[in-house]
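# Structural characterization, general
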Amino acid sequence: MSASPSSPSAPPTLHSWNEPDGLAARGTLIVLAGRGEYGGVYERFGRRLAFDAYRVRALGDPTADPAVLDRAAKLLADESLPGPKVVVGSDTGALYAARLAAEQPTGIDALILAGLPTSPWTSGSWEEERAARTACPTHQGRLTDDPHFRRGALDEPADPPELRLDLVRVPVLALHGADDTISPLDRALSSYEGFPEVRTVTFNGGRHDVLNDALHRTAAATVVLFLERLRLSADLPVIAEGLA
């Protein structure tokens, strides 16, 4: 696999997007990136959620930087950030998000787990990895040109934590692409079986990087609907019906 472009400097450890001036913030999302990613990869997601008055704080890849979890804990304890506070994890970030909720639940009101990894995966080329990650040409171009994104990270040995949803006591929204070849849908759904607090949403044609895939607008809208329900109650009352 070809190497990623050389990086002149390390990316910031935190990327932030805030609600528009004049609007009251409706909550805070803390994003844990997946393998090879960093917070800036979620700029499009962060801007979209911020437009709906949710603050977004995106951190790096915990498999590459264990300090990410300490930074997440500090954000959860930061009283200047409004609740509800939701930890969002993509790829192995989803496993670390669940670990936080299981081991350090204080301050966490809900989880959003996207593209949960279920088994090792090996690509044959950068082109294969890029296609497996996302069908969105804009995001494919960003990953190709971004000097901070690490190509081939999905192939690297990693020791992420075990998924311990049995210890999670907050609502969980699980997002997964139906055409995810990195983490096949049937295996991901099997991982969520038996946990009534998990609500799963699958995306037809969706690939691994659900939040940055071709259906990213639908994914963001799904997240906003979940957040609006969460603001009413942890029981997630239904606020819209009849959508086919």
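Our subject in this report is the structure included herewith. The residue count restarts for each chain, going from 1 along the sequence in the order it is written. At least 70 in pLDDT is required for a residue's local features to be given in this predicted model, at least 80 for side-chain atom pairs to be given and counted, and no such filter applies to totals for whole chains, interfaces and linings, which use all residues. Hydrogens are left out, water is left out, and the side-chain values use all remaining heavy atoms of the structure.

Okay, the packing of aromatic side chains next. Aromatic pairing here means that ring centres of Phe, Tyr or Trp (its six-membered ring) are within 6.5 Å. Orientation follows from the plane angle: under 30 degrees is stacked, over 60 is edge-to-face, and everything else is tilted. Counted by the stated rule, this structure contains one aromatic pair. Here the aromatic rings of Trp126 and Phe149 are separated by 5.7 Å at their centres, their planes lie at 55°, and the arrangement is tilted. Pair noted here: Trp126 is in helix H4 (residues 126–133) and Phe149 is in the loop between helix H5 (137–145) and strand E6 (172–177), with a separation of 23 residues, a long-range link. Numbering goes from the N terminus for both helices and strands, where a helix is a DSSP run of H or I of at least four residues and a strand is a run of E of at least two.

What follows covers the sheet that holds strand E7 (residues 198–203). Strand pairing is defined by DSSP finding a minimum of two bridges between the two strands. Pairing in this open sheet of seven strands is mixed, and the strands run E1-E3-E2-E4-E5-E6-E7 from one edge to the other. Edge positions in the sheet fall to strand E1 (15–17) and E7, since each has one partner strand and no second. Sheet twist, expressed as the mean angle between neighbouring strand axes with direction ignored, is 15°. Strand direction decides the pairing type here: strand E2 (residues 27–32) and strand E3 (residues 54–58), joined by five bridges, are parallel. Across the sheet, residue Gly27 finds its bridge partner in E3, namely Tyr54. The contact definition used throughout considers only heavy atoms, calling two residues in contact when any of these lie within 4.5 Å. Each axis is a line fitted through C-alpha atoms, and for a helix only the stretch in contact is used; angles between axes span 0 to 180 degrees, taken between their N-to-C directions. Strand contacts of helix H1 (residues 43–51): E1, E2 and E3, with the helix running at about 160° to E3, the strand carrying the most contacts. Relative to E6, helix H7 (residues 216–232) is tilted by about 170°, and along the sheet it contacts E2, E3, strand E4 (85–90), strand E5 (110–114), E6 and E7.

Further remarks concern the pairing of E4. Type-normalised accessible area, obtained with a 1.4 Å probe on protein chains alone, sets the label of each residue: buried when under 20%, exposed when over 50%, and partly exposed for intermediate values. The buried fraction of E4 amounts to six of the six residues, a majority that puts the element mostly inside the structure. By the alternation rule, side chains of E4 split into Lys85, Val87 and Gly89 and Val86, Val88 and Ser90, which are all buried. Summarising the sheet, E2 and E4 pair through five bridges and their orientation is parallel. Across the sheet, residue Thr28 finds its bridge partner in E4, namely Lys85. Bridge count for E4 against E5 is five bridges, and the pairing is parallel. Looking at the pairing, Val86 lines up with Ala110 of E5. A crossover connection joins E4 to the parallel E5 through helix H3 (residues 92–103); in handedness this β-α-β unit is right-handed. A clockwise course of the path from the first strand over the helix to the second, judged with the strands pointing away from the viewer, identifies a crossover as right-handed.

By secondary structure assignment, the location of Ser90 is in strand E4. Contacts of Ser90, omitting those with residues within four sequence positions, involve Leu32, Ala33, Gly34, Glu37, Tyr42 and Ala114.

Let us look at the nonpolar core. It is characteristic of soluble globular proteins that their nonpolar side chains tend to be buried jointly. With 34 residues, the main nonpolar core has Leu29, Leu49, Ile112, Leu175, Leu211, Val223 and Leu227 as its most contacted residues. Of all the secondary structure elements, the ones that give two or more residues to this core are E2, H1, E3, E4, E5, E6 and H7. Ranked by the residues each element gives to this core, the list is headed by H7, at seven residues. Beyond its immediate stretch of four places on either side in the chain, Leu175 contacts Ile112, Leu113, Ala114, Gly115, Val201, Phe203, Val210, Leu211, Thr222 and Val223. What makes a nonpolar core is a set of buried Ala, Val, Leu, Ile, Met, Phe, Trp, Tyr and Cys residues whose side-chain atoms join them at distances within 4.5 Å. Ranked by size, the runner-up nonpolar core spans 30 residues in total, among them Leu59, Leu95, Ala102 and Ala174.

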